[in-house]
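Here's the letter readout for the chains.
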Amino acid sequence: MTTIALLGTGIMGAGMGRNLLAAGLTVRVWNRTQDKALPLAEHGAVVCGTPVETVAGADVLITMLGDGGAVRAVMESAADALTAGQVWAQMGTVGVGTLDELAAFARDHGLVFVDAPVQGTRAPAEAGTLVVLAAGPADPRLDPVFDAVGSRTVRVGDEAGAATRLKLATVGFALNLTAALGEALALTEGLGVEPSLFLTAVTGGPMDNVYVQTKSKAVLEGDYQPSFTVRHAAENTRLIAEAAAGAGVFVDMAEAAGARFRRAAEAGHGEKDMAAGYFASRPAVGVPR
């Protein structure tokens, strides 16, 4: 039976872990804050105290951590227990430069490295309907993993790094749209119009979609339970800007969105859902009336 080592059980990792267990896989989990990993024990996971304990003898390693620096630090701390031939799926969002460093680490330790960030937030992670963007070797040991956590897998190529580059483009689109929605709602209110009328006006028209409905209602109802936090949104815009600069591409909207998310975080909204980027327009204003 395939044994999975899941490193990182935050908003995304917890949902992924439950779906891996529901698929009948043996799962060991670790999280820096162990309280976030303990609930998975109720679903059959083995909660480990260290990364070394988690990865020792596992067939598949999954990293689902907050940033590239955390991934690198955790894997380095587990190095003594790594075994040549283990397959490592790096499924969080990291920058292009960090991804190259992680791939080099994998080569040095004889690991099969697969660049496999996921498209989606809390709800798809919990439902097992993420979209997996995969680049690198098509290792069959990952088939049950990807099937358990996602509704489909998009093969981006054989070169590790291609999936991360695609993820930066797709997450950038979501971040820009979120920032634009927050700005539009704040502007509507600032101009003295009931902000719920913005959503009424776009509903059913060419600008309407599930995402517009979900994030607009979050702001209008003041429901900022995080699916993807303001802090992580700000970090992702930084990664996008760095990658774009290396490619000679201007990403004006991503940079503007980043400025909004950072301003909202500085106003105390960093751990709320990224819909709280709304507060960047009027940080002293509460939930729309």
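Reading the values: the criteria
- Residues numbered from 1 in each chain as written.
- Predicted model: local features only at pLDDT ≥ 70, side-chain atom pairs only at ≥ 80, totals over all residues.
- Heavy atoms only, no water.
- Buried < 20%, exposed > 50% of the residue type's maximum accessible area, 1.4 Å probe, protein only.
- Helix = DSSP H or I, 4+ residues; strand = E, 2+ residues; numbered from the N terminus.
- Right-handed = clockwise from strand over helix to strand, strands pointing away.
- Pairing = 2+ DSSP bridges.
- Patch = residues over 30% accessible without salt bridge, like charges linked within 9 Å, V, L, I, M, F, W, Y side chains within 5 Å.
- Areas by Shrake-Rupley, 256 points an atom, 1.4 Å probe, with all protein chains shown as cover.
- Salt bridge = Lys/Arg side-chain N within 4 Å of Asp/Glu carboxyl O.
- Axes fitted to C-alpha atoms, helices over the stretch in contact; angles between N-to-C directions.
- Parallel < 35°, antiparallel > 145°, perpendicular 65-115°, else oblique.
- Left-handed = near helix turned anticlockwise from the far one by under 90°.
- Contact = heavy atoms within 4.5 Å.
- Arc of directions from axis to C-beta.
- Nonpolar A, V, L, I, M, F, W, Y, C, P; charged D, E, K, R; others polar.

Participant: Please explain the pairing of strand β1 (residues 3–7) as it appears in this structure.
Facilitator: Remember that side chains alternate between the two faces of the sheet whenever the strand is regular. Among the five residues of β1, five are classified as buried, and the element is accordingly described as predominantly covered. Residues T3, A5 and L7 line one face of β1 and the alternating positions I4 and L6 line the opposite face, and both faces are buried. Assessed by its sense of winding, the connection that carries the chain from β1 through helix α1 (residues 11–22) to strand β2 (residues 26–30) is right-handed. Bridge count between β1 and strand β4 (residues 60–63): four bridges; the pairing is parallel. Counterpart to A5 in the pairing with β4 is L61.

Participant: Which parts of the structure should I look at to understand a nonpolar patch on the surface?
Facilitator: Taken together, L187, L191, V193 and L197 make up a surface patch of nonpolar side chains, about 390 Å² in accessible area. The class of L197 is partly exposed, set by a relative accessible area of 45%.

Participant: Just to check I follow, could you spell out the packing of helix α3 (residues 68–77) against helix α4 (residues 96–108) for this structure?
Facilitator: The geometry of a pair of packed helices is captured by two quantities: the angle between their axes and the separation between those axes. It is the contact of α3 with α4, at a shortest axis distance of 10 Å, that shows an interaxial angle of 15°. Here α4 runs roughly parallel to α3, going by the angle between their axes. By crossing handedness, the relation of α3 to α4 is classed as left-handed. Note on element contacts: α4 touches α3 through T98, E101, L102 and F105, opposite G68, V71, R72, M75 and E76.

Participant: How do you make sense of helix α11 (residues 252–269) when you look at a structure like this?
Facilitator: Residue pairs three or four apart in sequence face the same way in an α-helix, which turns once every 3.6 residues. Burial in α11 covers these residues: A254, A257, G258, R260, F261, A264 and H269. One side of α11 carries all its buried residues, which in axial view fall inside an arc of 165°. The exposed residues of α11 that point more than 90 degrees off its buried face are D252 and E266.

Participant: What is the right way to read the packing of helix α7 (residues 162–190) against helix α9 (residues 210–221) from this model?
Facilitator: One way to put it is that α7 packs onto α9 with a least axis distance of 10 Å and a crossing angle of 45°. In this view, α7 runs oblique relative to α9, as classed from their interaxial angle. The way α7 lies across α9 gives a crossing that is right-handed. Counting all contacts with α7, which are made through A174, L177, T178, L181 and L185, the residues of α9 involved are Y211, V212, K215, S216, V219 and L220. Of the residues in the contact of α7 with α9, the class split is eight nonpolar, two polar and one charged.

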